[in-house]
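# Residue-level structural notes
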Amino acid sequence: MHRTITLLRGGSRRTLARLDGWMNALYGWRLNPLYHSGALVVTSFVVLLVSGLYLLVFYRIGSPHTSVAGITAQVWAGRWIRTLHRYASAVALVAALVHAVRMFAQGRAWGPRALAWVSGVALFCVFLLCGWTGYVMVWDEQAHLLAAEGARWLDALPIFSEPISRAFVGERPMPPAFFFLNLFAHIALPVGVALLLWIHVSRLARASLLPPRALLRGAVALLLVASVAWPIGVAPEADLLALPGRVPFDVLYGFWLPFTRPLGAGWVWLLGLLVVGILAAVPLLTRPTRRRRPPASVVNERFCTGCEQCYHDCPYEAIAMVRRSDGRDGWVARVDPGLCVSCGICAGSCAPMGVGPPGRTGRDQLERVRAFLDHVRPGADDIVLVACDRGSGGAAREERFLDAPVLPVSCSGSVHTSVIEYLVRAGAGGVLLVACPPRDCWNREGVGYLEARVHQGREAELKERVDRARVRIVYAAEAEPLRVAAALNGFRAEVKRLARATAEERIDVEAECEVPEASAAEVG
Amino acid sequence: MTARTPVGVAVALGLVAGTAFLSRVPLSLRGPDESSLRLSWRLDPVSVASCRPRTEEELARLPTHMRTPTVCSGGTLPYSLTVAVDGRELIRDTVVASGARADRPMYVFRELGLDPGPRALDVAYLPLSGGGAQLPPGAPSLEWRGTVTAISGRVVLVTLDTAGRSLEVR
Ligand code: HEM
Ligand code: SF4
Ligand code: SF4
């Protein structure tokens, strides 16, 4: 099973990387819709709510098909709003699928993220159910197919005293109570979606529920254009004594129908539960073994000044500020290991280097830089690449990229700015920070913090004394090595025009991060 | 606005149109020459229970809330369902009353594929007396024998007539 999962993850990661590359070329990383797939589901959901409310005004449970035909032919903009409702539901499902595949490919399903994953699976199922009930509302041939199939499944459960399927055999006309129940479900399920969405993002700080404004407007405009240009029609009314012929069928919401129809209802339940069970178990199936599991972040109370920066920056709300327990006054950061995903972003937040996952704190990073410099010894013409090992055009996989030495990091948002300073002061001609496009940060917000720490003075900021002309950030998706190459070549040319870099004899960036003597003595 | 904008807009439109198409693919979920025979009816169960009053001792032995005055054994009558099309038997089955205690109505709901054209149909739904025992009065026996014309894409429905006494074909 683990081998299959690894193969699946690798395959989906490579496919996504390629698609991301194409989309970045077309729209730029800011508006790449693949990076905003979760937010596009929310956008489609809002469109569904608004258009659905309009349609609800004209829908009649006593004459479902006639009222839908009326909406399409007589109601003002009815045909377009119906189409908009249909197409938004299709886009929601496709976007949800892309979003889920991305989370899976990036291994973002286990540990504290399991809640988001499992509620995501539930969201997906509720979307499918909502589409199902929506199609039944229309009461055309497709509706008949879907309703009869659903009834067949329900009859296999020992719940109903009378088989529900008998409602669809044609002995009697369909009872309005059926359409009432179906409408009730179609309205209640979106309430479930809202509730599940709240749970879905409950462990995320500052969840991005909507895409950037330009993408949001573009997505809605495209849906409107498609609805007007290619409106849906009205299929023939369901005839209970007819076998559905050639019908316009939604293969997104009804993909399962051709598979389930030949199976006994018991098998359908069994296979359905198996598929949902496997999906819900992905957090367990993708969890690294205990030895390879990255450890949660730890606060070294000795260095923590209680500045709250890590508490604000943690994208997973895993840090709380609590009273100090070391006899000193004030507050200290405390990490909840049950919520920490070990992204390392707090290591980059903390000026005194008092927090971070073991082995990846600011201090640990400086250790690595020293070892790196001993080994590489970059000269005044050399650009050092500090590359995130997730995306970054795959640069972090090499020891040298286009002859530039590479220092791989686990997330560029976890890089402490002292590392950049150290490299510059050690005489490197320049430092090229290669990060994933911000909306594709595997840790949600890391790249944005890196940019803010280097250029906008956000704590722990890159010190004024570091020549910004020797520091550059480039965003590159996994399949964009050419972007890294272009940035590197351009930067090389610029650095050549600068005064020759010189190495300092003694670099001691930690000294200013040490605890003042007095308090160190207090700590004992 | 860059040189790539028109391509980007065209690709986005294409993606939305593709997704929209997936929501309305013309699909045929049956063969060109398919018809079907559907049997569907509901009958009240026929009780074959024999009941006797409980003796004083039996009543005394039972907890207060279980002291029903009569005790019954037996249950409801099972039925046999046979269906033959053009002389070929396609269904031979026993139907029992529904419910955990088999005291709820009997439901028949079957669907079979049928080749279009005139078909000799023979449906029998008969009580199973079990060892030649006397059938209770009022146990219905339902039979339908005749020719039906199966039309491609249509269902031949065998069900109870409005009076609920005999089978009819619709
Ligand atoms: C169907 C409706 C869905 C909606 C509306 C939705 C929306 C979102 C949003 C807005 C975020 C926050 C993104 C951010 O701020 O970085 C998110 C995160 C997440 N979603 Fe979904 N999602 C949906 C379905 C799914 C599905 C089907 C899965 C997987 C089975 C999934 C897995 C996740 C995970 C694991 C995260 C957390 C990411 C992290 O921890 O870094 N979601 N989702
Ligand atoms: S950033 Fe560092 S100093 Fe500030 S609260 Fe967090 S651990 Fe303490
Ligand atoms: S590593 Fe730090 S920033 Fe990341 S989740 Fe853990 S506590 Fe939060």
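Residues numbered from 1 in each chain as written. Chains lettered and ligands numbered in written order. Predicted model: local features only at pLDDT ≥ 70, side-chain atom pairs only at ≥ 80, totals over all residues. Heavy atoms only, no water.

Each helix and strand in chain B was counted, giving two helices and eleven strands. Counted from the first residue to the last, chain B has its helices and strands arranged as α-β-β-β-α-β-β-β-β-β-β-β-β. Compactness check: chain B gives a C-alpha radius of gyration of 28 Å against a globular reference of 15 Å for 170 residues, more than 25% above the reference. Principal-axis analysis of the C-alpha atoms gives chain B an extent of 100 × 50 × 25 Å. On chain B, roughly 9,800 Å² of surface is accessible, and the fraction owed to carbon and sulfur atoms is 55%. Each charge class in chain B can be summarised by its mean position, and for the 19 positive and 16 negative side chains these summaries are 8 Å apart. (Helix = DSSP H or I, 4+ residues; strand = E, 2+ residues; numbered from the N terminus. Rg over C-alpha atoms; globule rule 2.2 N^0.38 Å. Areas by Shrake-Rupley, 256 points an atom, 1.4 Å probe, with all protein chains shown as cover. Lys, Arg positive; Asp, Glu negative; His and termini not counted. Charge placed at Lys NZ, Arg CZ, Asp CG, Glu CD.)

Residue and element names in this part refer to chain A. With seven of ten residues buried, helix α16 (residues 446–455) lies mostly within the body of the structure. On its buried face, α16 sits against α12 (309–313), α13 (345–349), α15 (417–425), β9 (430–435) and β10 (471–475). At the C-terminal side of α16, Gly457 shows a positive phi close to 70°. (Buried < 20%, exposed > 50% of the residue type's maximum accessible area, 1.4 Å probe, protein only. Contact = heavy atoms within 4.5 Å.)

All names here are of chain A. The buried fraction of strand β6 (residues 383–388) is high, at six of six residues. Burial along β6 is two-sided: the residues Ile383, Leu385 and Ala387 and Val384, Val386 and Cys388 are all buried. Bridge count for β6 against β9 is five bridges, and the pairing is parallel. Residue pairing across strands places Val386 opposite Leu433, the latter belonging to β9. Both β6 and strand β8 (residues 404–409) contribute to a ladder of four bridges, which runs parallel. Bridging across to β8, Cys388 finds its partner in Val409. (Pairing = 2+ DSSP bridges.)

All names here are of chain A. Strand order in this open sheet of five strands is β7-β8-β6-β9-β10, and the pairing throughout is mixed. Across the chains shown, the open sheet's two edge strands, defined by having one partner strand only, are β7 (400–401) and β10. Its contacts with the sheet place α15 against β6, β8, β9 and β10, and it is angled at close to 150° to β9. (Axes fitted to C-alpha atoms, helices over the stretch in contact; angles between N-to-C directions.)

Now for the coordination of the iron atom of ligand 1. Reference geometry at the metal: tetrahedral coordination by four donors gives ideal angles of 109.5 degrees; octahedral coordination by six donors gives 90 or 180 degrees. Residue and element names in this part refer to chain A. Coordination of the iron atom of ligand 1 by the protein comes from His99 (NE2) and His200 (NE2), over a distance range of 1.9 to 2.0 Å. Classification of the site at the iron atom of ligand 1 rests on its six donor atoms, whose angles at the metal span 86 to 180°, yielding the label octahedral. Taken together, the positions of His99 in helix α4 (residues 78–105) and His200 in helix α7 (residues 176–200) put the pair 101 residues apart, joining distant regions of the chain. In this structure His99 comes out as partly exposed when scored by relative accessible area, which is 23%. (Donors = N, O, S within 2.8 Å, 3.2 Å for Na, K, Ca; no water. Tetrahedral: all angles 85-135°; square planar, octahedral: opposite > 155°, others 65-115°.)

Residues and elements named next belong to chain A. In the vicinity of ligand 1 there are 24 residues, among which His99, Arg108, His200, Ser208 and Tyr316 approach most closely. His99 is positioned with one of its side-chain polar atoms (N or O) 2.7 Å from a nitrogen atom of ligand 1. Going through the elements one at a time, α2 (37–58), α4, α5 (114–138) and α7 are the ones with two or more residues in the shell around ligand 1. Broken down by element, the residue count for the shell around ligand 1 peaks at six residues, all from α5. (Near = heavy atom within 4 Å. Polar contact = N/O pair within 3.5 Å; in protein donor to acceptor, adjacent residues only side chain to side chain.)

With 39 residues of chain B at the contact, the number on the chain A side is 43 residues. Summed over both sides, the interface of chain B with chain A buries roughly 3,500 Å², with 63% coming from carbon and sulfur. When the area that chain B buries against chain A is broken down by residue, the three leading residues are Ser23, Arg24 and Leu29 of chain B, summing to 20%. Here chain B and chain A share two salt bridges between them. Across the salt bridge formed by Arg154 of chain B and Asp239 of chain A, the nearest N and O atoms sit 2.6 Å from each other. Remark: the boundary between chain B and chain A carries 18 residue pairs in polar contact (both at pLDDT 80 or more). Tallied by class, residues from the side of chain B that touches chain A come to 19 nonpolar, ten polar and ten charged. The pairing of strand β1 (residues 246–249) of chain A with strand β1 (residues 25–28) of chain B spans four bridges and is antiparallel. When the sheet's bridge partners are listed, Pro248 of chain A is paired in β1 of chain B with Pro26 of chain B. (Buried area = accessible area lost by both parts, 1.4 Å probe. Salt bridge = Lys/Arg side-chain N within 4 Å of Asp/Glu carboxyl O. Nonpolar A, V, L, I, M, F, W, Y, C, P; charged D, E, K, R; others polar.)

Moving on, we get to the domain arrangement of chain A. Residue and element names in this part refer to chain A. Looking at the assigned domains, one finds that chain A contains domain 1 (35–235 + 265–285) and domain 2 (354–512). On the side of domain 2, ten residues touch domain 1, which itself brings twelve residues to the contact. Summed over both partners, the interface of domain 1 with domain 2 comes to about 990 Å²; 38% of that surface belongs to carbon and sulfur atoms. Counting across the domain 1 and domain 2 interface gives ten residue pairs in polar contact (both at pLDDT 80 or more). Its residues placed into classes, the side of domain 1 that touches domain 2 shows five nonpolar, three polar and four charged. (Domains from an automatic or database assignment.)

Residues Phe127, Trp139, Leu146, Phe168, Tyr253 and Leu257 of chain A are the most contacted members of the largest nonpolar core, which totals 60 residues. Broken down by secondary-structure element, the contributors of at least two residues to this core are α2, α4, α5, α6 (141–155), α7, α8 (213–229) and β1 of chain A together with α1 (5–22) of chain B. For this core, the leading source of residues is α5 of chain A, giving ten residues. By size, the runner-up hydrophobic cluster in this structure holds 35 residues, among which are Leu366, Tyr422, Leu433 and Val471 of chain A. (Core = buried A, V, L, I, M, F, W, Y, C linked by side-chain atoms within 4.5 Å.)

Residues and elements named next belong to chain B. Structurally, the position occupied by Val158 is in strand β10 (residues 155–160). Here Val158 falls in the buried class, since its relative accessible area comes to 0%. Between the C-alpha atom of Val158 and that of Pro140, which follows or precedes it by 18 residues, the distance is 16 Å. Look past the residues within four positions of Val158 in its chain and what remains in contact with it is Leu37, Arg38, Leu39, Ser40, Trp41, Leu121, Leu167, Glu168 and Val169.

This paragraph deals with the packing of aromatic side chains. Residue and element names in this part refer to chain A. The full count for this structure, using the stated rule, is 16 aromatic pairs over all chains. Ring geometry for Tyr135 versus Tyr253: centroids 6.5 Å apart, planes at 65°, classification edge-to-face. Taken together, the positions of Tyr135 in helix α5 and Tyr253 in the loop between β1 and α9 (257–260) put the pair 118 residues apart, joining distant regions of the chain. Connected via pairs of aromatic rings, a cluster forms that spans Trp139, Phe168, Phe178 and Phe179. Over the aromatic face of Trp331 sits the side chain of Arg323, whose NZ or CZ is 4.5 Å from the ring centroid. (Phe/Tyr/Trp six-rings, centres within 6.5 Å; stacked < 30°, edge-to-face > 60°. Lys NZ or Arg CZ within 6 Å of the ring centre and 35° of its normal.)

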